[in-house]
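# Close look at the chain arrangement
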Amino acid sequence: VLKQSYQNIEIIISNNCSTDNTKIFLDKISETDQRIKIFNQKKEISSGENFQFVFDKSKGKYFRWNASDDFMSQNYIKDNFNFLEKNKDYIASSSKFFFENDKNYHFSHNLNENLYSRLKHFFNIRYSSHNIFYSLIRTKNLKKVIRMSKDCLAIDWMVNLDLLLNGKFKTIEESYIIFSC
């Protein structure tokens, strides 16, 4: 994230009561980069609450979650930002993605049809829909989706479906994401 070619980003990190040296590491890197905002939780919160917490702290026109063990190419944000700026009818975009244990096979989904087709298509690819949840999303659209105040099964799918109810999603050819397994 720190090496993105598009530099005008805020990096919000919620340290959810880690018990190792994470706090020391985060304090150290936040001293060297003004874009980083660290929040140390006083008590452990659920992963859904943690996702919501980070989003609620954001201030940008666009938002993207990033798991601690996932990687994106250096131009990911720039490429997706440029796409969304040129294509106002899309609510989110992402790049093709790989799972770290199989970098020879990538996933790419376009859900840019009418509403019925988008939802039907989503259910066909739901098990590989990671790049929707972890896409660059227009903040105004993300504010309309279900709040992740509690953990529940498939909360990422609920967010994806809420997003798709509000507009189109595109996987662009440029850049990539590698998801940890």
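Let me begin by describing the structure that accompanies this report. (Residues numbered from 1 in each chain as written. Predicted model: local features only at pLDDT ≥ 70, side-chain atom pairs only at ≥ 80, totals over all residues. Heavy atoms only, no water.)

To continue, consider the side chain of arginine 35. When you line up the elements, arginine 35 lands in the loop between α1 (22–32) and β2 (36–40). Given the relative accessible area of 14%, arginine 35 is considered buried. (Helix = DSSP H or I, 4+ residues; strand = E, 2+ residues; numbered from the N terminus. Buried < 20%, exposed > 50% of the residue type's maximum accessible area, 1.4 Å probe, protein only.)

To continue, consider the environment of phenylalanine 71. Along the polypeptide, phenylalanine 71 turns up in strand β4 (residues 71–72). Note on phenylalanine 71: relative accessible area 43%, which makes it partly exposed. Separated by 106 residues in sequence, phenylalanine 71 and isoleucine 177 have C-alpha atoms that sit 5.7 Å apart. Contact partners of phenylalanine 71, with chain neighbours within four places excluded, come to Tyr176, Ile177 and Ile178. (Contact = heavy atoms within 4.5 Å.)

Looking at the element boundaries, isoleucine 146 is found in the loop between α6 (139–142) and α7 (155–166). Isoleucine 146 sits in the partly exposed class, given a relative accessible area of 32%. Residues isoleucine 146 and serine 93 lie 53 residues apart in sequence; the distance between their C-alpha atoms is 19 Å. Those residues in contact with isoleucine 146 that lie beyond four places of it in its chain are Gln52, Ile155, Met158, Val159 and Asp162.

Attention now moves to unusual backbone geometry. One non-glycine residue with positive phi stands out, namely cysteine 17, at about 60°. Looking at where cysteine 17 falls in the secondary structure, it is placed in the loop between β1 (11–15) and α1. Looking at cysteine 17, the relative accessible area reads 27%, which means it is partly exposed. The phi dihedral of serine 175 falls on the positive side, at around 70°, and the residue is not glycine.

Let's shift gears to the packing of helix α4 (residues 115–125) against α7. For the pair α4 and α7, the least separation of the axes is 9 Å and the interaxial angle reads 160°. Relative to α7, the element α4 is oriented roughly antiparallel. Between α4 and α7 lies a crossing of right-handed hand. Note on element contacts: α7 touches α4 through Trp157, Asn160, Leu161, Leu164 and Leu165, opposite Leu115, Arg118, Leu119, Phe122 and Phe123. (Axes fitted to C-alpha atoms, helices over the stretch in contact; angles between N-to-C directions. Parallel < 35°, antiparallel > 145°, perpendicular 65-115°, else oblique. Left-handed = near helix turned anticlockwise from the far one by under 90°.)

Before going further, it helps to spend a moment on α4. Those residues of α4 that fall on the buried side of the exposure criterion are Arg118, Phe122 and Ile125. In a view along the axis of α4, the buried residues occupy a sector of 75°, so they form one face of it. Projecting away from the buried face of α4 at angles above 90 degrees are the exposed residues Tyr116 and Asn124. Of the residues flanking the start of α4, the one acting as N-cap is asparagine 114, its side-chain oxygen 3.2 Å from the backbone nitrogen of tyrosine 116. (Arc of directions from axis to C-beta. Polar contact = N/O pair within 3.5 Å; in protein donor to acceptor, adjacent residues only side chain to side chain.)

With that settled, the discussion passes to the nonpolar core. Among the nonpolar cores identified, the biggest contains 37 residues, and Trp65, Leu111, Leu142, Val159 and Leu163 are the most heavily contacted of them. In contact with leucine 111, other than residues within four places in its own chain, are Arg118, His121, Phe122, Ile125, Ile132, Leu164, Lys168 and Phe169. One finds Tyr62, Tyr90, Leu136 and Ile172 within the second-largest nonpolar core, a separate group that totals seven residues. (Core = buried A, V, L, I, M, F, W, Y, C linked by side-chain atoms within 4.5 Å.)

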